[in-house]
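Each chain, written out:
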Amino acid sequence: MGLLDGLLGQVAENVDVKNLAAKVGLTPEQIESAVTALGHAHIAPGDTVSTAAAATGLSAETLQQIIGHIGGEGALARFASLLGEQGGDGLLGQLGSLAGGLFGKG
C-alpha cells in the first residue's frame, strides 16, 4: 500500500488507503483495486467510472465516492499522469498485480 499511498499523497492531502477505506466502507485491498481500475480507466476511451465499475464489480456510486475523497476528477487526472510518469502501463500493471495478489488472483 506504500506505493499507492505515496502517489495518492501527491494528488490529495490527508488521503491514504486505510483512511479512504474506512470512509467508503471498503477494505484497503478493495480501495487498491478500485484506484488501480480508475487509473486504468481514466486513460482509456469511454466513461472512467463505468469502465472501473465493470473491472472491479464495485458500484458507480462507490467509485464516485472514492473519486470525491481523492479530490475529484482533477486529482484523478493528476494521479493517472503520475502513474504515466512512473512507468505508465508498467506501474499500473504492477499495481494491478499487487491488487490481484491480494485477492488471490494472478
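Summary of the structure given here. Predicted model, so just to flag it, every value in this text is computed and none were measured.

### Regarding the nonpolar core
Thought 1: In terms of nonpolar packing, the biggest core is built from 21 residues, with Ile 31, Leu 38, Leu 63 and Ile 66 touching the most fellow members.
Thought 2: The set of elements that each furnish at least two residues to this core consists of helix H2 (17–24), helix H3 (28–43), helix H4 (48–56), helix H5 (60–70) and helix H6 (72–85).
Thought 3: Here this core gets 6 residues from one element, more than from any other, and that element is H3.
Thought 4: For Leu 63, the residues in contact, after removing those within four places along its chain, are Ala 34, Leu 38, Val 49, Ala 52, Ala 53, Thr 56 and Leu 58.

### Here's the deal with H4
Thought 1: Among the residues of H4, those classed as buried are Thr 48, Val 49, Ala 52 and Ala 53. Down the axis of H4, the sector holding all buried residues measures 125°, keeping them to one side. Exposed side chains of H4 directed beyond 90 degrees from the buried face belong to Ala 54 and Ala 55.
Thought 2: Following H4 by one or two positions, Gly 57 adopts a phi angle in the positive range, close to 80°.

### Regarding the environment of Asp 47
Thought 1: In this structure, Asp 47 sits in the loop between H3 and H4.
Thought 2: In terms of polar contacts, Asp 47 uses its side chain to reach the backbone amide nitrogen of Val 49, at 3.4 Å.

### Points about the packing of H3 against H4
Thought 1: It is the contact of H3 with H4, at a shortest axis distance of 8 Å, that shows an interaxial angle of 135°. On the basis of the axis angle, H3 is oblique to H4. In the crossing of H3 with H4, the sense of the turn from one axis to the other is right-handed. Side by side, H3 and H4 meet where Ser 33, Ala 34, Ala 37, Leu 38, Ala 41 and His 42 of the first sit next to Thr 48, Thr 51, Ala 52, Ala 55 and Thr 56 of the second.
Thought 2: Split into classes, the residues belonging to the contact of H3 with H4 amount to 6 nonpolar, 5 polar and no charged.

### Describing the environment of Thr 62
Thought 1: Mapped onto the elements, Thr 62 comes out in helix H5.
Thought 2: With relative accessibility at 16%, the residue Thr 62 sits in the buried group.
Thought 3: Between the C-alpha atoms of Thr 62 and Ala 34, which are 28 residues apart in sequence, the distance is 9.3 Å.
Thought 4: Discounting chain neighbours no more than four positions away, the residues touching Thr 62 are Val 24 and Leu 26.

### Side note on H5
Thought 1: Those residues of H5 that sit buried are Thr 62, Leu 63, Ile 66, Ile 67 and Ile 70. Within H5, the buried residues cover an arc of 140° as seen down the axis, which keeps them to one side.
Thought 2: With its phi angle positive at about 115°, Gly 71 sits one or two positions after the end of H5.

Each value, and the rule that gives it
Residues numbered from 1 in each chain as written. Predicted model: local features only at pLDDT ≥ 70, side-chain atom pairs only at ≥ 80, totals over all residues. Heavy atoms only, no water. Core = buried A, V, L, I, M, F, W, Y, C linked by side-chain atoms within 4.5 Å. Buried < 20%, exposed > 50% of the residue type's maximum accessible area, 1.4 Å probe, protein only. Helix = DSSP H or I, 4+ residues; strand = E, 2+ residues; numbered from the N terminus. Contact = heavy atoms within 4.5 Å. Arc of directions from axis to C-beta. Polar contact = N/O pair within 3.5 Å; in protein donor to acceptor, adjacent residues only side chain to side chain. Axes fitted to C-alpha atoms, helices over the stretch in contact; angles between N-to-C directions. Parallel < 35°, antiparallel > 145°, perpendicular 65-115°, else oblique. Left-handed = near helix turned anticlockwise from the far one by under 90°. Nonpolar A, V, L, I, M, F, W, Y, C, P; charged D, E, K, R; others polar.

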